[in-house]
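Observations on chain architecture
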Amino acid sequence: MAAETLTLDAQSIRPEDLSTGTLMRELGLQRRPAWVLRKLMNVLEQRRQAKGLGWSRSWNKVGLNVFRTHVQRIDQDTDYFQALHPFLDRFLPKAPVEFREFVRDLLGDPSRMAFTFYHNHECGEDQYEGMTLSIGRRVPADATKRDRFDLILEDRRLDGFVDGNVDRIRIYICPWYRYRKDKEYYSDSITELSGDDLAVAQDIFQLCVRKYHEWKEIKDRQWSHWSQHYIDYFGPRSFIPMGTSFS
């Protein structure tokens, strides 16, 4: 029987039917074969995404291969956060006022957390490399939940090459108080970039690439957890385009 359809043994309960507590216990022991842990972890991760627990959201998981994650330091990386403001001034005016105000409040919150996820993305016949600038905070009433703002910048691969220019921007604004009801959030996808729009996008993209190379050898900038070894969307790059920004 193929590993992807095998349960623990032929007469065991399916991982999908286990309680979340049991899944977490089995994973925490880490005494199962790797393929079993992978099956259990992906069931747990799907459940977490469905409930919006922790940092899990489908838009920075589905179709992505995350090959590195860096941690931002709120007190050290002021240039990283300041670079977001001209971008937001340019690209957020059409978002509802409530969502714009949420982002401004989140960026000013001293308790915020931030990560940059570097990824490959296969979307239909298109391939991209890019990054997700992900800023969030714990919801005061429930520390298992997060407010979230994600900015995704991607460079499209053509004929095996990327050119270092932003070809697609995706924005996700996700206050928990809205997301908990019917998974409501604001999103936008921008693919027609030229003039001042492209210049503003390039400024933040190039800053992020510089920071990637500055941080890639610094141990305490790397976010890692043993569970990454068993989640489908974490792992080595599925392709490395010629001209990559992330060598």
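Read on for a plain summary of the structure. (Residues numbered from 1 in each chain as written. Predicted model: local features only at pLDDT ≥ 70, side-chain atom pairs only at ≥ 80, totals over all residues. Heavy atoms only, no water.)

**What to know about the nonpolar core**
Core analysis: the largest hydrophobic core is formed by 40 residues, its most contacted members being Phe 87, Leu 151, Ile 169 and Ile 171. Here this core gets 9 residues from one element, more than from any other, and that element is helix α7 (residues 195-215). In contact with Phe 87, other than residues within four places in its own chain, are Leu 151, Leu 153, Ile 169, Ile 171, Val 200 and Ile 204. Judged by nonpolar contacts, the second largest core, of 6 residues, contains Val 66, Met 113, Phe 115 and Phe 234. (Core = buried A, V, L, I, M, F, W, Y, C linked by side-chain atoms within 4.5 Å. Buried < 20%, exposed > 50% of the residue type's maximum accessible area, 1.4 Å probe, protein only. Helix = DSSP H or I, 4+ residues; strand = E, 2+ residues; numbered from the N terminus. Contact = heavy atoms within 4.5 Å.)

**Considerations on the packing of helix α4 (residues 84-91) against helix α5 (residues 97-107)**
Two numbers describe a pair of packed helices, the interaxial angle and the distance between the axes. Running from N to C, α4 and α5 cross one another at 175 degrees; their axes reach a closest spacing of 12 Å. The angle between α4 and α5 falls in the class roughly antiparallel. Residues Leu 84, His 85, Leu 88 and Asp 89 of α4 touch α5, and the partners they reach there are Val 103, Arg 104 and Leu 107. Of the residues in the contact of α4 with α5, the class split is 4 nonpolar, 1 polar and 2 charged. (Axes fitted to C-alpha atoms, helices over the stretch in contact; angles between N-to-C directions. Parallel < 35°, antiparallel > 145°, perpendicular 65-115°, else oblique. Nonpolar A, V, L, I, M, F, W, Y, C, P; charged D, E, K, R; others polar.)

**Topic: the environment of Gly 130**
Along the chain, Gly 130 turns up in strand β3 (residues 126-139). Judged by its relative accessible area of 0%, Gly 130 is buried. As for Gly 130 and Gly 164, which are separated by 34 residues in sequence, their C-alpha atoms are 9.7 Å apart. When neighbours within four sequence positions are excluded, Gly 130 is seen to be in contact with Phe 117, Tyr 118, His 119, Leu 153, Glu 154 and Phe 246.

**Side note on α4**
Residues Leu 84, Phe 87, Leu 88 and Phe 91 constitute the buried set of α4. Axial view of α4: buried residues confined to an arc of 95 degrees, hence all on one face. (Arc of directions from axis to C-beta.)

**Considering the packing of aromatic side chains**
Tallying each qualifying case throughout the model produces 12 aromatic pairs. Relative to Trp 215, the ring of Tyr 80 has its centre 5.4 Å away and its plane inclined at 50 degrees; by these criteria the two rings are tilted. One end of the pair, Tyr 80, is in helix α3 (residues 78-82); the other, Trp 215, is in helix α7, with 135 residues separating them in the sequence. You can call Trp 215 buried: its relative accessible area is 2%. Clustering of aromatic rings is evident, with ring pairs tying together Phe 67, Tyr 118, Tyr 212 and Phe 246. Cation over ring: Arg 168 sits above Tyr 128, and NZ or CZ is 4.3 Å from the ring centre. Arg 237 extends its terminal NZ or CZ atom over the ring of Phe 67, reaching a point 4.1 Å from the ring centre. (Phe/Tyr/Trp six-rings, centres within 6.5 Å; stacked < 30°, edge-to-face > 60°. Lys NZ or Arg CZ within 6 Å of the ring centre and 35° of its normal.)

Remember that the coordinates give geometry; whether it matters functionally is a separate question.
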